[in-house]
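Chain by chain, the residues:
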Amino acid sequence: EYLTPLQTDKRLLKWLGLLERTALEAEALQAEIRLRQKEAEDAPPRSRQANDAQDAIRAAYDRTRGLDVRIRTALSAARDNFGDQLDAYKEFGDALDAINPFKMFR
């Protein structure tokens with residue numbers, strides 16, 4: 001239900017692009033986490049290799065938190081009909097520009 005506005009409303013295309021890039025990043029991080037988990041399992045307990053793998057897992061997991069925020073933002077734009085809000089902001093800006101006495105100096 002959220003993808004349809006992102007895919008059909010041209011005003012929201014950059015949000016769709018953000019969602020697509022973020023999903024690809026999330027998939028890459030998921031693959032990295034799985035790889036590091038395997039490395040941690042195969043390493044001797046409490047070894048440097050196991051600790052390095054655990055640190056890499058934590059770092060990848062921390063990066064996924066930022067991706068979660070980006071995904072939620074893109075979906076929120078679709079849910080809240082952000083395209084209409086963008087149009088309203090543009091109309092407001094145009095109205096202010098119409099009464100701007102200093103626009104001749106631009």
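Going by the structure above, here's the rest.
As the structure is a prediction and not an experimental result, all values here were calculated from the model.

*Asks:* Would you mind going over the side chain of Thr 22 with me for this structure?
*Replies:* The residue Thr 22 is located in helix α2 (residues 13-42) in this model. Overall, the relative accessible area of 1% leaves Thr 22 in the buried class. Not counting the four nearest positions on each side in its chain, Thr 22 is found in contact with Leu 67, Arg 70 and Ile 71.

*Asks:* Would you mind showing me how to read unusual backbone geometry here?
*Replies:* Of all residues except glycine, most have a negative phi; of all peptide bonds, most are trans. One non-glycine residue, Arg 46, adopts positive backbone phi at about 60°. Take Arg 46: it is sitting in the loop between α2 and α3 (48-79). By relative accessible area, Arg 46 is classed as exposed at 81%.

*Asks:* Please explain the pattern of salt bridges as it appears in this structure.
*Replies:* Working definition: two side chains of opposite charge can pair if their charged atoms are close together. By the definition in use, this model includes 8 salt bridges. Between Asp 55 and Arg 58 there is a salt bridge, and its shortest N-O distance comes to 2.6 Å. With a gap of 3 residues between them, Asp 55 and Arg 58 both fall in helix α3, about one helical turn apart. Two residues, Arg 65 and Asp 62, come together in a salt bridge whose shortest N-O distance is 3.4 Å. With Arg 65 and Asp 62 both in helix α3 and 3 residues apart, the pair spans about one turn of that helix. Classification of Asp 62 as partly exposed rests on a relative accessible area of 43%.

*Asks:* I'm lost on the packing of α2 against α3 in this one. Help?
*Replies:* In a packed pair of helices, the relevant descriptors are the angle between the two axes and the axis-to-axis distance. Remark: α2 packs on α3, axes separated minimally by 9 Å, with the N-to-C direction vectors making an angle of 160°. The orientation of α2 with respect to α3, classified from their angle, is roughly antiparallel. Of the two possible hands of crossing, α2 and α3 adopt the one that is left-handed. For the contact of α2 with α3, the residue count by class is 18 nonpolar, 5 polar and 6 charged.

Conventions adopted
Residues numbered from 1 in each chain as written. Predicted model: local features only at pLDDT ≥ 70, side-chain atom pairs only at ≥ 80, totals over all residues. Heavy atoms only, no water. Helix = DSSP H or I, 4+ residues; strand = E, 2+ residues; numbered from the N terminus. Buried < 20%, exposed > 50% of the residue type's maximum accessible area, 1.4 Å probe, protein only. Contact = heavy atoms within 4.5 Å. Salt bridge = Lys/Arg side-chain N within 4 Å of Asp/Glu carboxyl O. Axes fitted to C-alpha atoms, helices over the stretch in contact; angles between N-to-C directions. Parallel < 35°, antiparallel > 145°, perpendicular 65-115°, else oblique. Left-handed = near helix turned anticlockwise from the far one by under 90°. Nonpolar A, V, L, I, M, F, W, Y, C, P; charged D, E, K, R; others polar.

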